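Geometric and topological summary
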Amino acid sequence: MFSPVPRQPDHAAIERRVLTFWQKHNCFAKLVQRNRGGPKFRFLDGPITANGPMGVHHAWGRTYKDLFQRYKAMQGFDQRWQNGFDCQGLWVEVEVEKELGFRCKKDIEQYGIDRFVEKCKERVVKYARVQTAQSVLIGQWMDWENSYYTMSEENNYSIWYFLKRCHERGLIYEGIDVMPWCARCGTAVSEMEIATEGYRELTHKAVFLRFPILTDSGERTQNAEYLLVWTTTPWTLTANTACAVHPELTYVRARCSSTQNPKSKTRDSQVYILAKDLLKVLGPDAEVLEELKGSQLVGLKYAGPYDELAPQAGIVHRVVPWDEVSAAEGTGIVHIAPGCGKEDFLLGKQHGLAIVAPLEEDGTFRPEFGWLAGRGSAEAALAIFEDLARKGVLVRVEDYTHRYPVCWRCGQELVFRLVDEWFIRMDADSELSSSGRSLREEIMESARQVRWIPEFGLERELDWLRNMSDWCISKKRYWGLALPIYKCECGWFDVIGSREELKERAVSGWERFDGHTPHRPWIDEVKIACGRCGRPVTRTKDVGNPWLDAGIVPFSTTHYLTDRNYWKEWFPFDFITESFPGQFRNWFYAILAMSTVLEHQAPFRTVLGYATMKAEDGREMHKSWGNAIEVEEAVEKMGADVMRWVFLAHNPVQNLLFGYHGAREVERKLLTFWNVYSFFVTYANIDNWNPRTIEPPNHGTLSLLDRWILSRLNSLVRFARERLDDYDPSPFTRQVEEFFEELSTWYVRRSRRRFWKSASDQDKNAAYHTLYVCLETITRVLAPAMPFLAEDIYQNLVRSHNTAAPESVHLCEYPKPDSTFIDPELEHEVELVRAAVSLGRSAREQARLKVRQPLSSCIIRLLSPEDQTIYLRHADAIKEELNVRDVLFTESGAQFPDGFVSAEQAGMAVGVNTRLTRELENEGLARELVHKIQGMRKQAGFEVTDRIRLYCIASPRLTEAVNDYRDYISRETLALTISNASPPDPDIASETTVNGEAVRLALKRIKNEQT
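Residues numbered from 1 in each chain as written. Predicted model: local features only at pLDDT ≥ 70, side-chain atom pairs only at ≥ 80, totals over all residues. Heavy atoms only, no water.

Thoughts on the overall build of the chain
Counting its secondary structure elements, the chain contains 32 helices and 37 strands. Computed over C-alpha atoms, the radius of gyration of the chain comes to 39 Å, more than 25% over the 30 Å expected from 2.2 N^0.38 for 1011 residues, which places it beyond the range of a compact globule. Considering only C-alpha atoms, the chain reaches an extent of 120 × 75 × 55 Å along its principal axes. Accessible surface, the chain as shown: approximately 42800 Å² in total, 46% of it carbon and sulfur. Looking at the chain, you have 127 positive and 141 negative side-chain charges, and the mean spots of the two groups are 3 Å apart. (Helix = DSSP H or I, 4+ residues; strand = E, 2+ residues; numbered from the N terminus. Rg over C-alpha atoms; globule rule 2.2 N^0.38 Å. Areas by Shrake-Rupley, 256 points an atom, 1.4 Å probe, with all protein chains shown as cover. Lys, Arg positive; Asp, Glu negative; His and termini not counted. Charge placed at Lys NZ, Arg CZ, Asp CG, Glu CD.)

Here's what the structure looks like:
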């Protein structure tokens, strides 16, 4: 006996039951042991940040990972099954700061760097456990006890080795640059981080300013003319050293008599210089005095807005050319502050401009900036406006909305600040390069070795590589990779490549560091001797960019430095997958760059990228908005299998709008399959059918319907393997869903009577065997995608009757197609017949004729004469499906006779005869009555084998139909008697109508001994 199947699957209960089973029977360990020594599938897990519970967007990627690892495991592939946790970096630091109530970096130093670092480690360990539990909940199999942590010594020292190799190629340098800076976190934000998720739509105050033009000797003229300048960052005016114009743009000298000076009651009537296309900013009364090219303005001197500040002393402000100036907004004259903007800094280097750096690490003005000292850049804005207005520099203030960078971790608006950081050079032409090309070019070549899914991934990666600046690898923080860079006051610096090298070169502090992990503050105790002057040198205090941590894992996790043979077994990796929008700039880039330096090749062969998850309404998911869904909630409400199917069915190129509406659609499709499973179990138990004791039918005894569904099954298996081999799960899910529909609405429905008591033993056994094969095979097909449901069904269908079968469905072999069963012609025939039936049903709907109302005939318009042979071979199916007594044919283009209603699609047409005889009407009434009775049986909870006594007191018209079709009604409803008397004590009764005819129905279940 099979265990009874409820009418609907309780996914949460199934998943809890299966998790207990897997754990009790050590199924994962047995799988790993079975496949050891087999062909290798080299999968590399991109590390998840162990900094909080997972969201459902994490589950999307984990589903892809688990799908392909399970699929390969069912084919016997040996794997490493290693999960990864990203541990170091600002993301963890900020959360620990929140826990401790810290507001700035000084709080950390007062608390103690050592204690703070230990708190960061504790948080990582805590959330690694949480994320592991959540991953288990969604069905992911990994060797959780062997997870890698990027804070490990092996990971950190592997990065040291990489940096040493970069240094040997002359790629490491300390540079002064203007970088995005988070004042709260006190660190630079790399180009990789800001490009990924570091922008918001914000509104700031933009200002129009007038800078007086000076004579060659630096004096103001009596009738001063002004450069009209525009900026959205007023605090940077304190660092202004130049203005830029486009040399080819047309500019004008224009007199304005309508612009109001904010501090004056008189009308302003001065001459302004600005781009001709932006003259409208002066208002309708502006008078153009002269047109001139931007090149004619180059070299003009002007009075700066803050010449009185000490850092501005001696600076000559002048106009410089810049091709990036646009006439799309502002005034066409751009304020340049080389110490406050990246592009400004580069332009300043090109033209030898003075550099003024106004901000401290905490985002406040330096002491030498007088009345602004100690004020934050944002809070000083109002005071700056008032000061500029008082001095007659301010023309107008307006709101300006634009995309502005924010700290991706704490959310604070970034400033651009002049900093000294460590970089990896992208464009150095080093003699030590094996290829003679720059590192940028080498990484691009590595990227071309990879198969990118989707295909546009390659061009997106190459575009990033073409345009990215040098890789900033340093952060002025605490919890992270200790950059092994030692710089002496004399200018010499070196990079240490290993723990052993550090010990060998240490001149002091080793004993205080020994026994600790290579983190701050312990690593800072060690000093080495300067290679030039011999003085003791301390390590730079900076920690590393966290993408170094994740980028090295193709090497650290395979013991590149300690067991090169093991590394060669597993490198390069066959497959990786992560969310594409961010990782082509981050992890994909980092592992490509680091592998290129170390091995001159890509570390992976294929990458599957997927888009962004949003809420069902299209908005971003945020806890504060109430539309974020926790993993545990999704698993409990929709089930892990349903959630996984939602992910796998989605086209990964497109953003996924995730929610419970989409889950309900998946549940509906799964219920189709579940109902077939329930049907099989119900009737197999009635007949005591056992797959182990019944001889399988030979191919010759199978019906046309059996052969068709077995062909469709094996075609599905072939397609499934093709798509999963190609890392393309979405078409796979669609084909599975189509098979569910075919199995239910065509095979089972057309075979239903073959499972009844009256069917012949041979035909019944063929039907049972065929359906069992379909269910057992599809269970294995589904196993990598829906591991819980597949396991639950497998245990009931297979293990319950065969203890010699593999203990778990995941220990089974993934199905292989049997070509002897694949019959493309038969599949085409049934497809053609089903299309005709679908059109016939559409015709019935147009005529408002229920399917249960028999019709005398239908006519099929033939597309080709050969099709008639196909339709005749399947004529019985067409008659039953359309409930017609005869199937007729007509040539292509022929019209249907009067009384026929037709439906047509793609040249195919089917018409149904709508004329009803008294006999047809009576049969229709009988069929509708049976439908009512079947509904009452289900409502009363009768078993499918329960016999009944039927009491039917009906109108004369309906009574006539009952008398004409008494045998049919008895057979369909299992009624031993049909009486028109009042029932004595029914189990269920109802007063209703059948096609408008009144009837009172009552059912009495008959106990077995009474039959």
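Observations regarding the pattern of salt bridges
Under the defined criterion, the tally for this structure stands at 75 salt bridges. K164 is paired through a salt bridge with E501; the nearest N and O atoms lie 3.1 Å apart. Taken together, the residues K164 in helix α7 (residues 153–168) and E501 in helix α13 (residues 499–505) connect sequence positions 337 residues apart. On the basis of relative accessible area, K164 is assigned to the buried category, the value being 16%. (Salt bridge = Lys/Arg side-chain N within 4 Å of Asp/Glu carboxyl O. Buried < 20%, exposed > 50% of the residue type's maximum accessible area, 1.4 Å probe, protein only.)

Examining the packing of helix α11 (residues 439–448) against helix α19 (residues 587–599)
Packed helix pairs are specified by the crossing angle of their axes together with the interaxial distance, meaning the distance between the axes. Look at α11 against α19: their axes get within 9 Å of each other, and the N-to-C directions meet at 110 degrees. Relative to α19, the element α11 is oriented roughly perpendicular. Note on element contacts: α19 touches α11 through Y589, L592, A593, T596 and V597, opposite L439, E442, I443, S446 and A447. Taken together, the residues that form the contact of α11 with α19 break down as seven nonpolar, two polar and one charged. (Axes fitted to C-alpha atoms, helices over the stretch in contact; angles between N-to-C directions. Parallel < 35°, antiparallel > 145°, perpendicular 65-115°, else oblique. Contact = heavy atoms within 4.5 Å. Nonpolar A, V, L, I, M, F, W, Y, C, P; charged D, E, K, R; others polar.)

Brief notes about the side chain of Q140
Along the polypeptide, Q140 turns up in the loop between α6 (113–137) and β3 (148–149). Only 3.1 Å separates the side chain of Q140 from the side chain of R62, close enough to count as a polar contact. Look past the residues within four positions of Q140 in its chain and what remains in contact with it is R62, K65, D66, S135 and R644. (Polar contact = N/O pair within 3.5 Å; in protein donor to acceptor, adjacent residues only side chain to side chain.)

Digging into the sheet that holds strand β27 (residues 604–610)
Spatially, three strands are ordered β17-β27-β26 in an open sheet, and the strand pairing comes out parallel. Whereas interior strands pair on both sides, the edge strands pair on one side only; in this sheet they are β17 (451–453) and β26 (573–579). When strand polarity is set aside, the average angle formed by the axes of neighbouring strands in this sheet is 15 degrees. The pairing of β17 with β27 spans three bridges and is parallel. Following the sheet pairing, R451 is matched in β27 by T606. Helix α3 (residues 56–74) contacts β26 and β27 of the sheet and is inclined by roughly 140 degrees relative to β27. (Pairing = 2+ DSSP bridges.)

Digging into the nonpolar core
Of all hydrophobic cores here, the largest spans 219 residues; its most connected members are I424, W471, F658 and F680. When residues of this core are assigned to their parent elements, the largest contribution, 12 residues, is made by helix α22 (residues 660–686). Among all residues touching F658, those that are not within four sequence positions of it are V56, M613, K614, A615, E616, M621, I629, M638, M643, V646 and F647. (Core = buried A, V, L, I, M, F, W, Y, C linked by side-chain atoms within 4.5 Å.)

Describing a negative patch on the surface
Side chains of E248, D323, E324 and E343 sit close together on the surface and give a patch of like negative charge. Summarising the element assignment, E343 is placed in helix α9 (residues 342–351). For E343, a relative accessible area of 48% corresponds to the partly exposed category. (Patch = residues over 30% accessible without salt bridge, like charges linked within 9 Å, V, L, I, M, F, W, Y side chains within 5 Å.)

A look at the packing of aromatic side chains
Inspection of the entire model under this criterion finds 54 aromatic pairs. Aromatic pair W60 and Y64: ring centres 6.4 Å apart, planes at 40 degrees, arrangement tilted. Of the two residues, W60 and Y64 both sit in helix α3, four residues apart, roughly one turn of that helix. Ring centres 5.2 Å apart and planes at 40 degrees place the aromatic pair F555 and F571 in the tilted group. (Phe/Tyr/Trp six-rings, centres within 6.5 Å; stacked < 30°, edge-to-face > 60°.)

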